[in-house]
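So you can see what is in the structure, the chains are spelled out below.
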Amino acid sequence: MRTITSSGGKVETVSVRRTESSDAHEINSLISPATVAVFGRVNVIHLLEKANLAVTLSNAKNEVLAHAAFSDHPIGDIVDQACWEAFLHDNYSTEKYTPLNTLFLHLFVAQPIFSIGSANEIVRTVFNAITELQYICLVTPTSRCLERALVKIFEPMKSLKDPGPQCSAFVCHRHNYCPRLHVRRARVEDHDDLTHIFAEQTKALTECYGPYFLVELIEAQDDENHAAVCENEGTAVGFISVSGDINLKLLNECFELGPFNGLYKSSPEGLTETAPEPEGEGPPGDTNTIIPQGTTGEVSSQDVDQTKDLDQGGVTAIPSEVSEPGDSQACAAEPQDSEMTLEPRVSLTPNAFCIQLFVINKTFEMRSVDFLPNIFKLFPDRDFCIISVPKLAPEFPLLQSFLRVVPHHTSSLPQELYIFHRSGLLKTFVVTLAVSADRPAVCDMVKRLSLHDSLLEDLDMFYQAHRDMDGTPLQAFIAQVQNQLVGIVIIRNEEDIDYIRANYNIENFIYFSHHRYEEHGQLCHFALNPIFQHYAKHFLKEALRLAHKSCLYYPIYPSYHSQKIFISAVFLSACPATLHQLSLGLEQQNSCAHYLTSVLNFMVPVRPRRQIVYPLEELGINAPSKQITKDQVPYALNHINRKLTMEPKFTINARIVVVGASDTGLAFLEVLAFCPHLRFNNMTLISTHGFPGYYTNENMRFLSTSHGSSDRDHAQMSLRSWINVVTGKMVGIDRAAKHVLVSGGRKVPYDHLILCTGQQYQVPCPTGVDSSHLPPKSQLPAQPRRRYTGPVPSNLFTLNDHHDCVTAYQWLLNNFVKLKGNAIVYGNTIDVYTCVETLLCLDVQGYRIHLVHLPTTEGSSCSPSPSSCFSNPTVEKAMKKALEKSGVHVHHNCLLAQMNDGQNSEPITSLSFTSDSQRLWLECSVFMNLSSKGVDYDAFKTINDACLVYDGRLVIDTTFHTNDSTIRAAGPLTKFSRRYHADQWSHSSFNSREVGQELAAALLPFFDPTLEPAINPPADLDRLIPIYTQAKIQGGRLPGGYCYLHATKPEQRPSAVHPVEGREILTGRIETGNYFHLHLNQYDMVETITCLSLKPFPVSNYLCLYGKHELLLNHLCSRYDEGLVHDLYSYFREKWCLAIYHDRFADFEQEMHQIMESTKLQDHNDLSISELVQRMMDEKLNIIEEPNVFLKKVYETSGGLASLKTSTLNYLRYNRYHLTMYAQPGLL
């Protein structure tokens, strides 16, 4: 917070923040005729969309006092935005003005009494925030004088021509507002000035190094150790200590420094022949490791003419190649002519120095980079500066210029390593249109990229026709430093922007209507020398300016589509964490071939949108465009626009480890990955079978589904691009050392551990009772649940996830389907029915299938009732008939007694069960086990050995904490602590994805500086467990060919019958295969949905009905009572209801509520409608007519109804591309 003084002497506390679209109204009100004279007529929303930087000065009440918008080109049509540099150089004395160090003011408005103080504060803040910025220019077509506030800031540029151009040009210099800090050698006399800066760190440093550590550090300077301070007005405001003594052996053991020659100098002998390194240490097919990724490029040993930038103090040779991380990976992607490769000969001479200690006053922290030229002068023979920081430390501004080095997967150091090359000090980073003469340099730079051929092919097409193979315009730009090529970007026009707008939440980042179609581009190729990765955002900003684009998109296609029209390309995740082979194709074979680590750091992932499933035949010509409804290969979308090119991200290096690829765990990771302003570098998923796979065949789906995330959803989110995936099983937690031990011996360190392993079907343990001498039931011994410890037979399949289902599917095809023998399906859950249906779909005759139900007890976790896993008796009846018709044998109340009559169980040939009265002995060729779920034994043992409180399940509090503050847990694995007296509730009662999202919301405040903690939360808040509201969902294919969906509200204990409150709406019959059942609660809200149909139905549409009032469903109850609704499937396919299925309908509903709440009833003392209803309920208001009629009349006379109608029309108009079937004003 700072203060400004008005012209009348009023002092106001202010803050400068980025402008939001909601500020537009107040900004408009500040525009005066004088503003229009200088800046022309301004559409504020359009300006905010196209400006690179827009800032607002507001007071403590968040009132807008002033606003300024800056862009990378002059105002209006004075000069083409791609040509302003030449225009200024030809007409004004502006030799030093470059796109890197210059911005243009496009608008400044302020409250008149605060205009001078506001202008100064905004300019100071902008210079402070953008370290490279040296000049703010104002080029205006008017020759009139500027307003007083601008006159005090800007000075006229010196014109080189007389008469000059028809415009006026002014400039504001950095040194007048945020001068460069003076850096000099530290002296003992600086101690007193530095003491208060070290105040926060003094205690920790004193404990480590003693009370006089700073004086000793300054006095100990020699040839290898130096200390410097930066001064402001003669006072030391920052301190840095650097040393040339580095343990490079340790760093190379812990970090991927190979591409940088291990931070050693290259031998003068040049290159030597070496045999290629093996691709990994483990044996082929070892899935318990991750291939560690390298850095964003490789420093070449090739020497170029040494260049000096006198202003920066001795910058040496620029490495000329960009290579992919890890030579073994890069080479493997290219055809090799020889088994030998050329690699630099590395000497043992260090080529780096390190920053030992760094601190700076927060007021000047954005000028931290002023230290760098000075400290490189202290080590003229070394090219790299490195710094290590604790993983839990927040990123400070100095690190934004450094490159993060990826740690080895075996590293357990709680430190992050950052690196900076002295060539990064060069400010001559120039972006220009690529010309044919650049091709040799481009070829040399990208020759080590796996898809360099594809990049060069697209570059050649640009040279030849400026279009790709299908005629789409191409543009190519290169980056040069000191006339040496260091980067290239190739862009094509985005021809599918309507599809993107309809299928992705791109409007979270832009106002679509303010961007012309030709202003959208797709990033085809991007390569940048890692030394200049801190210029990556500027490189993209310049590409947008020169290409006349405002938005760029980058699609990531799923790898399983690579066998079609897409080429596999090396891609590095934006959190440089894991090397992936993904398909990055366009709609042609010359797909993307680029190296996008640094650029993706600055792009934002765009969430996919839930789509309406349209009844296209019924809609006819009223259906949306085919561009929107067409079925495309799903892909994940990343985005950047002009606004984002100057918006920083907060880097989070904390190690977040999630154990379990459950719906809960994936939902948690999804929330973190899609935070647009946060970049998580160290998110790891530990899963027994890795990341969930996809089904290539519907006959692999043995299990039911919660409809949490489909294969398409996974493809559209591409979580694997943002997380490490460790394939293995958690077998230990070392809470002291803070690491997870994974099967195979690997240790995964963590700062925050999230346990989401859930519950799995367990291998059944036979009771051992000899069923041939079966005693009476009353004499059977009680059998507590026991764990099976023997070898698992090869034909026993316990199905828990995609991997298990695929394995069983392949085995059945090879060993069972076309042979003879019985399949025994054992269990009580819905999964046994989906498993039976899958077997029938595999052409297994019904008489070969035996469905064996366990004895059930009321309240059992695996069955909602003693007789059925279904909550609807009609569905249960349908299943009974379907199984009878298929010839499937069904056995009830049977408990597994023996395998192979107690003999060797490999393979299983027979199974014995005990039942109520008689022995059940069955021949068995395959045993499908879905009997009982529980916490995996290894997970239980790990939790127990780690001394985490376990009481039947892992005990947590309402904020997901276990008894270890760094370990949280969620999902069916957990239960609430007994102190809440809520044993009937647990996370298994709720929607797993909602639980995962709430878990992420609980953790985000630890990382997100934009989230403010709750102020004075209620003291007893932790006494109540959270209750989640989303529907609990089950679905799948059931015997008889039925498609099944059941969605209901979370319940303490599932019940076989619906509550008495409310009413039922039912159409169709199981015999006709169109059964549809709705249960409405006492408030006429949809509380349960049950669909059983022989035809596929739009599940995502029907799930939108949950929680809706019957009036919203076109007066469903009254129509049903009048006999007008004969088939709910047809009813919910009608045009009127499609808006309810829209993904933004919930926002529309919220807007409706806000309008109703804010409407004041003038005839009733300006009460709101809710307050009036409350008075009626309290019987403080006497009315004669029916309450509903009374309220309707009152609201109609208030004017609120008109606002509701306007909002409804706006909703339909704004989403017109989806909701084309609705008539709108002006269309009839």
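Residues numbered from 1 in each chain as written. Predicted model: local features only at pLDDT ≥ 70, side-chain atom pairs only at ≥ 80, totals over all residues. Heavy atoms only, no water.

## Here we look at the overall build of the protein
Logical step 1: Helices and strands together make up the secondary structure of the protein, namely 33 helices and 55 strands.
Logical step 2: Nonlocal contacts in the protein, meaning residues at least 24 apart in sequence, comprise 73% of its contacts between residues at least 6 apart. (Helix = DSSP H or I, 4+ residues; strand = E, 2+ residues; numbered from the N terminus. Contact = heavy atoms within 4.5 Å.)

## What about the sheet that holds strand 31 (residues 724-727)?
One key point about sheets: their strands pair by backbone hydrogen bonds, in either a parallel or an antiparallel sense.
Logical step 1: Ordered in space as 31-30-28-35-47, the five strands form an open sheet in which the pairing is parallel. Each having just a single partner strand, strand 31 and strand 47 (967-969) make up the two edges of the open sheet. Sheet twist, expressed as the average angle between the axes of neighbouring strands with direction ignored, equals 20 degrees. (Pairing = 2+ DSSP bridges. Axes fitted to C-alpha atoms, helices over the stretch in contact; angles between N-to-C directions.)

## Thoughts on the nonpolar core
Logical step 1: Judged by nonpolar contacts, the single largest core of 61 residues is most densely connected at Phe668, Phe680, Leu753 and Leu755.
Logical step 2: Among the elements that line this core, the one with the most residues is helix 20 (residues 663-673), at six residues. (Core = buried A, V, L, I, M, F, W, Y, C linked by side-chain atoms within 4.5 Å. Buried < 20%, exposed > 50% of the residue type's maximum accessible area, 1.4 Å probe, protein only.)

## Side note on the state of the cysteines
One covalent bond between the sulfur atoms of two cysteine residues makes up a disulfide.
Logical step 1: One pass over the structure, following the stated rule, counts zero disulfides.
Logical step 2: A disulfide-free cysteine, cysteine 172 has its sulfur positioned 9.3 Å from the sulfur of cysteine 137, the nearest such atom. (Disulfide = S-S within 2.5 Å.)

## Digging into the side chain of asparagine 59
Logical step 1: With respect to the element layout, asparagine 59 can be found in strand 3 (residues 53-59).
Logical step 2: Apart from residues lying up to four places away in sequence, asparagine 59 is in contact with Glu12, Thr13, Val14 and Leu65.

## Remarks on the environment of leucine 948
Logical step 1: Inspection of the secondary structure assignment puts leucine 948 in the loop between helix 25 (937-945) and strand 46 (954-956).
Logical step 2: Accessibility expressed as a relative area gives 3% for leucine 948, which makes it buried.
Logical step 3: With 15 residues separating them along the chain, leucine 948 and asparagine 963 place their C-alpha atoms 6.2 Å apart.
Logical step 4: For leucine 948, the residues in contact, after removing those within four places along its chain, are Arg735, Leu755, Ile943, Leu954, Thr962, Asn963, Asp964 and Ile967.

## Thoughts on the sheet that holds strand 43 (residues 919-923)
Logical step 1: Spatially, the three strands line up as an open sheet ordered 41-42-43, and their pairing is antiparallel. Only two strands of the sheet have a single neighbouring strand rather than two, namely strand 41 (895-899) and strand 43. Strand-to-strand twist across the sheet, computed as the mean angle between neighbouring axes with direction ignored, equals 25 degrees.
Logical step 2: Of the pairings in the sheet, the one linking strand 41 to strand 42 (residues 910-914) comprises four bridges and is antiparallel in character. Residue methionine 899 lies in a different strand from strand 42, and its bridge partner there is leucine 911.

## Remarks on the confidence of the model for the protein
Logical step 1: Residue-level pLDDT values for the protein average 84, and 86% of them are 70 or greater.
Logical step 2: Confidence over residues 325-343 falls short of pLDDT 50; this stretch has 42 contacts with residues more than four positions distant or in other chains.
Logical step 3: Across residues 858-867, confidence stays below pLDDT 50; counting only partners more than four residues off in sequence or on other chains, it has 15 contacts. (pLDDT = per-residue confidence, 0-100.)

## A closer look at the packing of helix 30 (residues 1145-1158) against helix 33 (residues 1200-1214)
Logical step 1: Between helix 30 and helix 33, whose axes approach to 10 Å, the crossing angle comes to 165 degrees. When the axis of helix 30 is compared with that of helix 33, the two are roughly antiparallel. As for the relative orientation of helix 30 and helix 33, their crossing is right-handed in sense. In this structure, helix 30 contributes Phe1145, Phe1148, Glu1151, Met1152, Ile1155 and Met1156 to the contact, and helix 33 contributes Gly1200, Ser1203, Leu1204, Ser1207, Thr1208 and Tyr1211.
Logical step 2: Classifying every residue of the contact of helix 30 with helix 33 gives seven nonpolar, four polar and one charged. (Parallel < 35°, antiparallel > 145°, perpendicular 65-115°, else oblique. Left-handed = near helix turned anticlockwise from the far one by under 90°. Nonpolar A, V, L, I, M, F, W, Y, C, P; charged D, E, K, R; others polar.)

## Things to note about the packing of aromatic side chains
Logical step 1: What the rule picks out here adds up to 41 aromatic pairs.
Logical step 2: When the centroid spacing of 4.9 Å and the interplanar angle of 70 degrees are considered together, the rings of phenylalanine 1076 and tyrosine 1129 count as edge-to-face. On the criterion of sequence distance, the pair formed by phenylalanine 1076 in strand 52 (residues 1074-1080) and tyrosine 1129 in helix 29 (residues 1128-1131) is long-range, its members being 53 residues apart.
Logical step 3: A residue is classified by how much of its surface remains accessible, and phenylalanine 1076, at 0% relative accessible area, is buried.
Logical step 4: Given the relative accessible area of 6%, tyrosine 1129 is considered buried. (Phe/Tyr/Trp six-rings, centres within 6.5 Å; stacked < 30°, edge-to-face > 60°.)

## A word on the packing of helix 13 (residues 439-446) against helix 14 (residues 452-465)
Logical step 1: Following both chains from N to C, one finds helix 13 and helix 14 inclined at 165 degrees, their axes separated by 10 Å at the closest point. Overall, the two elements helix 13 and helix 14 adopt an arrangement that is roughly antiparallel. The handedness of the crossing between helix 13 and helix 14 comes out as right-handed. Across the interface between the two elements, Arg439, Val442, Cys443 and Val446 from helix 13 touch His452, Leu455, Leu456, Leu459, Asp460 and Tyr463 from helix 14.

## A closer look at the pairing of strand 11 (residues 235-243)
Logical step 1: Burial of strand 11 is extensive: eight of the nine residues sit out of reach of the surface.
Logical step 2: Sheet topology note: the strand 10 (residues 225-232)/strand 11 ladder contains eight bridges and is antiparallel. What sits directly across from alanine 227, in strand 11, is serine 241.
Logical step 3: Looking at chain direction, strand 11 and strand 14 (residues 352-360) are connected through six bridges and run antiparallel. The residue of strand 14 that forms the bridge with phenylalanine 239 is valine 359.

## Considering unusual backbone geometry
Logical step 1: Residue proline 907 follows glutamate 906 across a cis peptide bond; omega there is -10 degrees.
Logical step 2: Note on placement: proline 907 falls in the loop between strand 41 and strand 42.
Logical step 3: Although it is not a glycine, aspartate 843 adopts a positive phi angle of roughly 70 degrees.
Logical step 4: Residue position: aspartate 843 is located in the loop between helix 23 (830-841) and strand 39 (849-852).

## Points about the side chain of asparagine 795
Logical step 1: Here asparagine 795 is to be found in the loop between strand 36 (760-761) and strand 37 (796-798).
Logical step 2: A relative accessible area of 2% places asparagine 795 in the buried class.
Logical step 3: If we skip the residues at most four places from it in the chain, asparagine 795 touches Trp811, Pro907, Ile908, Cys924, Ser925, Val926 and Phe927.

## Comments concerning helix 14
Logical step 1: With 14 residues, helix 14 extends 20 Å between its outermost C-alpha atoms, agreeing within 8% with the 20 Å of an ideal straight helix rising 1.5 Å per residue.
Logical step 2: For helix 14, every residue scored as buried is listed here: His452, Ser454, Leu455, Leu456, Asp458, Leu459, Met461 and Phe462.
Logical step 3: On the buried face of helix 14, the contacting elements are strand 18 (429-433), helix 13, strand 19 (474-481), strand 20 (484-493) and strand 21 (520-528).
Logical step 4: Positive backbone phi, approximately 60 degrees, marks histidine 466, located one or two places after helix 14. (Expected span 1.5 Å × (residues − 1).)

## A look at the environment of serine 988
Logical step 1: Position of serine 988 among the secondary structure elements: in the loop between strand 48 (974-976) and helix 26 (992-1003).
Logical step 2: Put simply, serine 988 and glycine 971 are 17 residues apart on the chain and 6.1 Å apart in space, counted from C-alpha to C-alpha.
Logical step 3: Beyond its immediate sequence surroundings of up to four residues, serine 988 is in contact with Arg953, Pro972 and Lys1032.
Logical step 4: Side-chain polar atoms of serine 988 contact the side chain of arginine 953, separated by 3.5 Å. (Polar contact = N/O pair within 3.5 Å; in protein donor to acceptor, adjacent residues only side chain to side chain.)

## What about helix 31 (residues 1169-1177)?
Logical step 1: Those residues of helix 31 not exposed but buried are Ile1169, Leu1172 and Met1176. The arc that holds the buried residues of helix 31, viewed along the axis, is 60 degrees, so those residues lie on one side.
Logical step 2: On its buried face, helix 31 is in contact with helix 30, strand 54 (1160-1161), strand 55 (1167-1168) and helix 32 (1187-1196).
Logical step 3: Looking one or two residues beyond helix 31, the residue adopting positive phi is glutamate 1179, at roughly 60 degrees. (Arc of directions from axis to C-beta.)

## Digging into the pattern of salt bridges
Logical step 1: One pass over the full model with this rule turns up 45 salt bridges.
Logical step 2: With a closest N to O distance of 2.9 Å, arginine 1144 and glutamate 507 form a salt bridge. Note that arginine 1144 is positioned in the loop between helix 29 and helix 30 and glutamate 507 in the loop between helix 15 (497-503) and strand 21, a separation of 637 residues in sequence.
Logical step 3: A relative accessible area of 12% means that arginine 1144 is categorised as buried.
Logical step 4: A relative accessible area of 13% means that glutamate 507 is categorised as buried.
Logical step 5: Arginine 701 serves as the salt-bridge partner of aspartate 711, at 3.5 Å between the closest nitrogen and oxygen. Residue aspartate 711 is found in helix 21 (residues 711-717), and its partner arginine 701 is found in the loop between strand 30 (683-687) and helix 21; the two are separated by 10 residues along the sequence.
Logical step 6: What makes arginine 701 partly exposed here is its relative accessible area of 29%.
Logical step 7: Salt bridges here are not isolated pairs; linked through shared partners, they connect Lys50, Arg516, Glu518 and Glu519. (Salt bridge = Lys/Arg side-chain N within 4 Å of Asp/Glu carboxyl O.)

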